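Results of the structural survey
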Amino acid sequence: MGNVIYKCLTCGGDLQFSAEAQNWTCKYCDDTFTLEELDAAGKNELNEETMDVHQELEGDKEQYQSTDGTVGKDLVQYKCSHCGAEIITDRATAATICVYCSNPIIMTEQVVGDFKPEYVIPFKVDKSKVMDAFKTFSKKPLTPKDFDCEKVVDKIQGVYIPFWLYSGVLTGSIEAIGIKEKRRRSGDYEITDSLHHNVKRAGYLSFEKVPVDASKKTEDAAMDSIEPFDFKEMVPFNIGYLAGYLAERFDEDKDTCLSRASERIVNTGRDELLKTCHYDSVDVKKYQHDLDLKNTEYALLPTWLLYTKYKDKDYFFAMNGQTGKFIGNLPIDYLKLCLYTAIPTILIFILLLFLL
């Protein structure tokens, strides 16, 4: 297995999936095609003539740098079937873009067999909208003037991140002390009486498609922060959706990721039980629960990611490629921060001088 390219039915040019049009667009003649049209023409089938087997890198692997800018030992080498350039990437990469000819390349061996996703949520937010959002986000009063947003924004990449989706039932019960507070006056004083009640609650929670990212590269907290995804728009996996984007295959299996999913589910169940306790405060003494996992599914979910440096410090921007929800951090000009902090203080001081 190696890499595959999707060709235009009109001119034979390279096709990319368009988030805006929700179809496949030729970057040469601008003709567009639906998934049904590509399937009918056999263009979503692997073409052995365009596939190049990957090569394991031997020797001093520390000298190699992958296409995402990282250097590591677990790297493999592909050859672009469009321009012949050598592409070095890590073993978990499922789709990338040739840095020499901008050709979309899919490493098919990373999305077959045990690594084949069951579902995918296609990108809905295109790169132009992401770039506009980042430019607006970066125009903060405290952003340094020499932070080159125009240069940085070009580095934004659309990446399909692997996720495990967990479904099942949680049964749980709590024993707690519910506290009701009553205030009354006694002469010149206000007294608070606390009434304590024994509380017991039990119930069950059905959960469906609780997502946990399955890539070691991505920050778990960042992926949690750009949720939720709308799983009503999830479709059966087709390799064509990867054309024009980066993609990773899982490098953390479903059993490894289950602990994170379980923690989220168990905490949610506890919170739902507490919502039924109508007291001023609740002191939980015991929480018992049982998790019955019914199903685990593997899916690729769309994200826009940007990693950049400013004065040797790392900064990160991530956007949900379906909903547009994003998180990020920016460098701060501390001289501006001092001025913004000092000016109100100076104005108040001057005002007090006139008043006194």
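About the thresholds
Residues numbered from 1 in each chain as written. Predicted model: local features only at pLDDT ≥ 70, side-chain atom pairs only at ≥ 80, totals over all residues. Heavy atoms only, no water. Helix = DSSP H or I, 4+ residues; strand = E, 2+ residues; numbered from the N terminus. Expected span 1.5 Å × (residues − 1). Buried < 20%, exposed > 50% of the residue type's maximum accessible area, 1.4 Å probe, protein only. Arc of directions from axis to C-beta. Contact = heavy atoms within 4.5 Å. Pairing = 2+ DSSP bridges. Phe/Tyr/Trp six-rings, centres within 6.5 Å; stacked < 30°, edge-to-face > 60°. Lys NZ or Arg CZ within 6 Å of the ring centre and 35° of its normal. pLDDT = per-residue confidence, 0-100.

Time to look at helix 2 (residues 127-138). Its twelve residues place the ends of helix 2 16 Å apart at the C-alpha level, agreeing with the 16 Å of an ideal helix rising 1.5 Å per residue. For helix 2, the set of buried residues is Val130, Met131, Ala133, Phe134, Phe137 and Ser138. Axial view of helix 2: buried residues confined to an arc of 160°, hence all on one face. Of the surrounding elements, those touching the buried residues of helix 2 are helix 3 (149-153), strand 15 (281-310), strand 16 (313-320) and strand 17 (326-328).

Attention now moves to unusual backbone geometry. Note the cis peptide between Glu227 and Pro228, where omega equals 10°. Examined against the element boundaries, Pro228 turns out to sit in the loop between helix 4 (220-225) and strand 13 (235-236). With a phi close to 70°, Asp312 is a non-glycine residue in the positive phi region. Structurally, Asp312 can be placed in the loop between strand 15 and strand 16. Assessed through its relative accessible area of 73%, Asp312 is described here as exposed.

Another aspect to go through is the sheet that holds strand 3 (residues 23-26). Reading across the sheet, the three strands line up as 2-3-4 and stay open at both edges, with antiparallel pairing between neighbours. Where the open sheet ends on each side, the last strands, each with one partner, are strand 2 (15-18) and strand 4 (32-33).

What follows covers the pairing of strand 6 (residues 75-79). With four of its five residues buried, strand 6 lies for the most part within the structure. Bridging between strand 6 and strand 7 (residues 86-90) involves five bridges; their strand directions are antiparallel. Opposite Val76, over in strand 7, you have Thr89 as the bridge partner.

All chains considered together, the criterion is met by 19 aromatic pairs. Taking 5.2 Å as the distance between ring centres and 70° as the angle between the ring planes, the aromatic pair formed by Phe17 and Tyr241 counts as edge-to-face. Residue Phe17 is located in strand 2, and its partner Tyr241 is located in the loop between strand 13 and strand 14 (246-248); the two are separated by 224 residues in the primary sequence. Assigned by exposure class, Phe17 and Tyr241 land together as buried. Considering the side-chain rings of Phe115 and Phe250, the 5.0 Å spacing of their centres and the 45° angle between planes classify their relative orientation as tilted. On the criterion of sequence distance, the pair formed by Phe115 in the loop between strand 9 (104-107) and strand 10 (119-120) and Phe250 in the loop between strand 14 and helix 5 (254-274) is long-range, its members being 135 residues apart. According to the relative accessible area criterion, Phe115 is partly exposed, its value standing at 25%. If you follow Arg249 out to its NZ or CZ, it ends over the ring of Phe115, 4.1 Å from the centre.

The next thing to look at is the confidence of the model for the protein. Summary statistics for the protein give a mean pLDDT of 82 and a share of 83% for residues scoring 70 or more. The low-confidence segment residues 45-54 (pLDDT under 50) makes 29 contacts with residues lying over four places distant or belonging to another chain. Segment residues 56-72: pLDDT under 50, and 32 contacts once partners within four positions in sequence are set aside and those in other chains are kept.

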